[in-house]
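Read off the chains here:
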Amino acid sequence: MGLDSDLGLRASDLEFQGSPATLLEGRICYALDAKELERLLNNYPAKVKKNRKQHILIKDSERQQIEANTRTIPGIITNRGCAFAGCKGVVLGPIKDMVHIVHGPVGCAFYSWGTRRNKAKAADPKKNFLNYCFSTDMQESDIVFGGEKKLAKMIDEVVEVFKPEAITISATCPVGLIGDDLSAVAKAAEQKHGVKVLSFNCEGYKGVSQSAGHHIANNGLMERVIGQGEMNEASAKYAINILGEYNIGGDGWEIERVLDEIGYHVIAVMTGDGSYEELKNAHVAELNLVQCHRSINYIAGMLETKYGTPWLKVNFIGIQNTIDSLRNMALYFGDEALINKTEEVIAREAARIEPVMEQYRKMCAGKTAFCFVGGSRGHHYQGLFAELGIETVLAGYEFAHRDDYEGREVLPGIKPDADSKNIPELHVSPDEKFFSLKIPAERAEQLKQQIPLSNYRGLIPDMKDGSVIVDDLNHFETEELIRIFKPDIFASGIKDKYVVQKMGIPAKQLHSYDYSGPYAGFNGAVKFAEDVSAAFNTPTWNFITPPWKNKPLLTGTVHNA
């Protein structure tokens, strides 16, 4: 009878009463079938079970619909953030030359400051405010009597001390409950100081998740910043904006390194290492690149409508994804010299890193991963895992909408609910001064057949049959699915990394990279491979006993060979 390294048995020697098993690299690996999923869901009360069942899919070849962008059931421990976190913490916070004031308790300000590691550098160090945490520090008396005067005084102090180019004010939950008028305070301060002051009513409860805050921030930047600059046209060829890139661990710098060498001219980045002055001129770009679809697709659509600038879905996570994105960009511009330069850079970069990647591939081959991250990264990182020989068996998003899973073709069929109506829609029309079709309509339609121009096909089409897709994965499901699959690595965020590690599974924290990075582009792929292989090979796991080592999950009978 053959021996397996984990259970002492071959897969063929067991009659499983639970999940089906396959043999992968000498290890027995488990999958989730409908019966096992039903057993997992039976732990919930009937109403909760009915709800969660719609958020979990076992991928098959048929077109599948998943429930998303609905409120988490009270009492369930979710990994989501709030609307305030999405607005101030994700989209606005990385803009380096704006002072970002949080009107509310100091805890909210601290939570949304410094935790994402949005790196930035400025020619004038006095114009980089990311190291500062600005809060009105509302107390009980402010809740009772109102905090508008305190906010106005803080704006006066900020202008006097820091002299910023512009200021944002983000509301937290108490502000919405007591009714402070942020817009009025901002307007008065703007008139008093001659400095742009933007207010955002992004109270944490306003929406299902941080996704609502993304939308609010997109609207504000579109309405009051973009198009306010002095540029009428780009100063160089191949002018682009990079949208949905937040420079976590220096990702944006690695992406721009490659783009600069090819010959692209980056007008503005929304918003990693981004600046207010650059954002004002974003309207002159010839193409918008969308990295994180969920957080920035609103503004990408509005830029196309108002200024005629198409957007291209890109993914700079992983070697092949980076190569495909660069080639798609070159195809959009259609310049032979640009295409040749793109291929030259790709060939050189790939040849340089391939021997290094091969070393790490030997340490990672045959492993499995859970990839549950943010609003696009749960999809983006699967290609990079695959290049290391790691198969993603479960993926999902914290705050995605259905189009992030199923593709944008489902958008016309999504009915708005009460929560989505909390976010005012900003309706834009073609700008009389700056609107122009960047490419002829006929060519745009031809390109859409070749590249993801103004389109995102979603996560589900790229998942293998039998893999699992989970929306708003909670802590109970995390533990149960880990016991079933026993993945080799769990890529997620800060809120669930510790419970996962206590189960003996390495956790790759992809919200702020645990002080590592960058992970984007060619150099980022090497750094990610280094970190992941180190996680697999650290002796730490020899001192941790996973729960399933003490209690068997599956029962079976042994047959003699």
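Note: the structure precedes this text.
Residues numbered from 1 in each chain as written. Predicted model: local features only at pLDDT ≥ 70, side-chain atom pairs only at ≥ 80, totals over all residues. Heavy atoms only, no water.

It is worth spelling out a nonpolar patch on the surface at this point. On the surface, a nonpolar cluster with roughly 350 Å² of combined accessible area is contributed by Ile143, Val144 and Phe145. Structurally, Ile143 is set in helix 5 (residues 140-145). Of the residues examined, Ile143 reaches a relative accessible area of 33% and is grouped as partly exposed. (Patch = residues over 30% accessible without salt bridge, like charges linked within 9 Å, V, L, I, M, F, W, Y side chains within 5 Å. Areas by Shrake-Rupley, 256 points an atom, 1.4 Å probe, with all protein chains shown as cover. Salt bridge = Lys/Arg side-chain N within 4 Å of Asp/Glu carboxyl O. Helix = DSSP H or I, 4+ residues; strand = E, 2+ residues; numbered from the N terminus. Buried < 20%, exposed > 50% of the residue type's maximum accessible area, 1.4 Å probe, protein only.)

Going through the model one piece at a time under the given rule, you end up with 33 salt bridges. The salt bridge involving Arg294 is made with Asp403; its shortest N-O contact spans 3.4 Å. Here Arg294, found in helix 12 (residues 293-307), pairs with Asp403, found in helix 16 (residues 402-406); they are 109 residues apart in sequence, far enough to count as distant. You can call Arg294 buried: its relative accessible area is 2%. A salt bridge links Glu354 to Arg361; the shortest N-O distance between them is 2.9 Å. The class for Glu354 is partly exposed, based on a relative accessible area of 34%. Because the salt bridges share partners, they merge into one network encompassing Glu254, Arg257, Glu261, Arg348, Glu349 and Arg352.

This next bit is on the sheet that holds strand 10 (residues 287-290). Sheet strands pair by backbone hydrogen bonding; their relative direction is either parallel or antiparallel. Within the open sheet, the 4 strands sit side by side as 9-8-10-11. Their pairing is parallel. What marks the edges here is a single partner per strand, and that holds for strand 9 (265-271) and strand 11 (311-313). In this sheet, adjacent strand axes meet at a mean angle of 25° when their direction is disregarded. Bridge count between strand 8 (residues 239-245) and strand 9: 6 bridges; the pairing is parallel. Residue pairing in the sheet places Glu245 in a bridge with Thr271 of strand 9. (Pairing = 2+ DSSP bridges. Axes fitted to C-alpha atoms, helices over the stretch in contact; angles between N-to-C directions.)

This part covers the side chain of Lys88. On the secondary structure map, Lys88 appears in helix 3 (residues 83-92). No salt bridge forms around the buried Lys88; measuring N to O, its nearest opposite-charge neighbour Asp97 is 14 Å away. (Lys, Arg positive; Asp, Glu negative; His and termini not counted.)

Another aspect to go through is the packing of helix 9 (residues 210-224) against helix 12. Packing of helix 9 against helix 12 leaves a shortest axis separation of 7 Å and a crossing angle of 30°. With respect to helix 12, the element helix 9 is oriented roughly parallel. Of the two possible hands of crossing, helix 9 and helix 12 adopt the one that is right-handed. Contacts from Ser211, His214, His215, Asn218, Asn219, Leu221 and Met222 in helix 9 reach Arg294, Ser295, Ile296, Asn297, Tyr298, Ile299, Met302, Leu303, Lys306 and Tyr307 in helix 12. Its residues assigned to classes, the contact of helix 9 with helix 12 comprises 8 nonpolar, 7 polar and 2 charged. (Parallel < 35°, antiparallel > 145°, perpendicular 65-115°, else oblique. Left-handed = near helix turned anticlockwise from the far one by under 90°. Contact = heavy atoms within 4.5 Å. Nonpolar A, V, L, I, M, F, W, Y, C, P; charged D, E, K, R; others polar.)

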